[in-house]
Amino acid sequence: MKWQLNILGGVSCEQPDGHETGDPIAATFDHEPSDAEIAAALDGVTQSKAALNAYATQHHDALLNGGFTVSGCTVGTDASGRSYLNGAVLLANADATATFDWEQPDGSSVHLTAAEVTTIAVDVGRFVQACFSALKTIRADIEEGTITTFAGVDGASWPVNHG
């Protein structure tokens, strides 16, 4: 069985009937490649602007939706997590004495005051905006030809997901 690495970094098993995906192939392996083998195969390969923009968008989405940790509390930053946080802020603004039990990824709970929820929401909002600003800058760098590889996208100035 052969494994193919397309230029977008996707790995697929070669179809028994020789079916082609149409994606340009960056490397072929006789085994399922490790992350290190994939990185090595793509290292320094100049990509099309479309491929770089797609890769940057994937990186952005994973970072944006991967959660944010501040003051020992991890909050979801996907659309649902941000919605819960916005609801908590609305309640905190209406009742400064409100308290919240915020579930953590490990199933434990963190007890938060209205002021703490508001502070966390501001930090998350700044993080979300920083993700979009980074993507905008990276897309401009791709368009200008400053970034020409996946490694360039990975090494760009992305925000960190903790406060």
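These lines cover the structure that appears in this document, whether it is placed above or below. Keep in mind the model is a prediction, meaning the values are calculated, not measured. (Residues numbered from 1 in each chain as written. Predicted model: local features only at pLDDT ≥ 70, side-chain atom pairs only at ≥ 80, totals over all residues. Heavy atoms only, no water.)

1. Concerning the overall build of the chain
Argument step 1. Broken down by element type, the chain carries five helices and seven strands.
Argument step 2. Sequence-ordered secondary structure for the chain, helices as α and strands as β, is β-β-β-α-α-β-β-α-β-β-α-α.
Argument step 3. Looking at the chain as a whole, 32% of its 163 residues are labelled buried.
Argument step 4. The contacts of the chain with a sequence gap of at least 6 include a subset with a gap of at least 24, amounting to 59%.
Argument step 5. For the chain, the accessible area works out to roughly 9,300 Å², and carbon and sulfur atoms hold 53% of it. (Helix = DSSP H or I, 4+ residues; strand = E, 2+ residues; numbered from the N terminus. Buried < 20%, exposed > 50% of the residue type's maximum accessible area, 1.4 Å probe, protein only. Contact = heavy atoms within 4.5 Å. Areas by Shrake-Rupley, 256 points an atom, 1.4 Å probe, with all protein chains shown as cover.)

2. Some words on the pairing of strand β7 (residues 109–113)
Argument step 1. Taken together, the five bridges between strand β6 (residues 99–103) and β7 define a ladder with antiparallel strand orientation. Bridge pairing in β7 links F100 to L112.
Argument step 2. With antiparallel pairing between neighbouring strands as the criterion, β6 and β7 make up a hairpin whose turn holds five residues, including G107 at a positive phi of roughly 95°. (Pairing = 2+ DSSP bridges.)

3. Remarks on the pattern of salt bridges
Argument step 1. Summed over the entire model, instances satisfying the criterion amount to one salt bridge.
Argument step 2. We note a salt bridge from E143 to K49, for which the minimum N-O separation is 3.5 Å. Taken as a pair, E143 in helix α4 (residues 114–144) and K49 in helix α2 (residues 49–64) lie far apart in primary sequence, 94 residues in all. (Salt bridge = Lys/Arg side-chain N within 4 Å of Asp/Glu carboxyl O.)

4. With respect to the packing of aromatic side chains
Argument step 1. For the structure shown, the criterion picks out two aromatic pairs.
Argument step 2. Both rings, one in Y55 and one in F150, keep their centres 4.3 Å apart while their planes meet at 35°; by these two values the pair is tilted. Here the residue Y55 occupies a position in helix α2, and F150 occupies one in helix α5 (residues 150–154), the gap between them amounting to 95 residues.
Argument step 3. A ring pair is formed by F68 and F127, whose centres lie 5.1 Å apart and whose planes are at 40°; its orientation type is tilted. Remark: F127 occurs in helix α4 and F68 occurs in strand β4 (residues 68–70); sequence separation between them is 59 residues. Judged on exposure class, the residue F68 and its partner F127 are both buried. (Phe/Tyr/Trp six-rings, centres within 6.5 Å; stacked < 30°, edge-to-face > 60°.)

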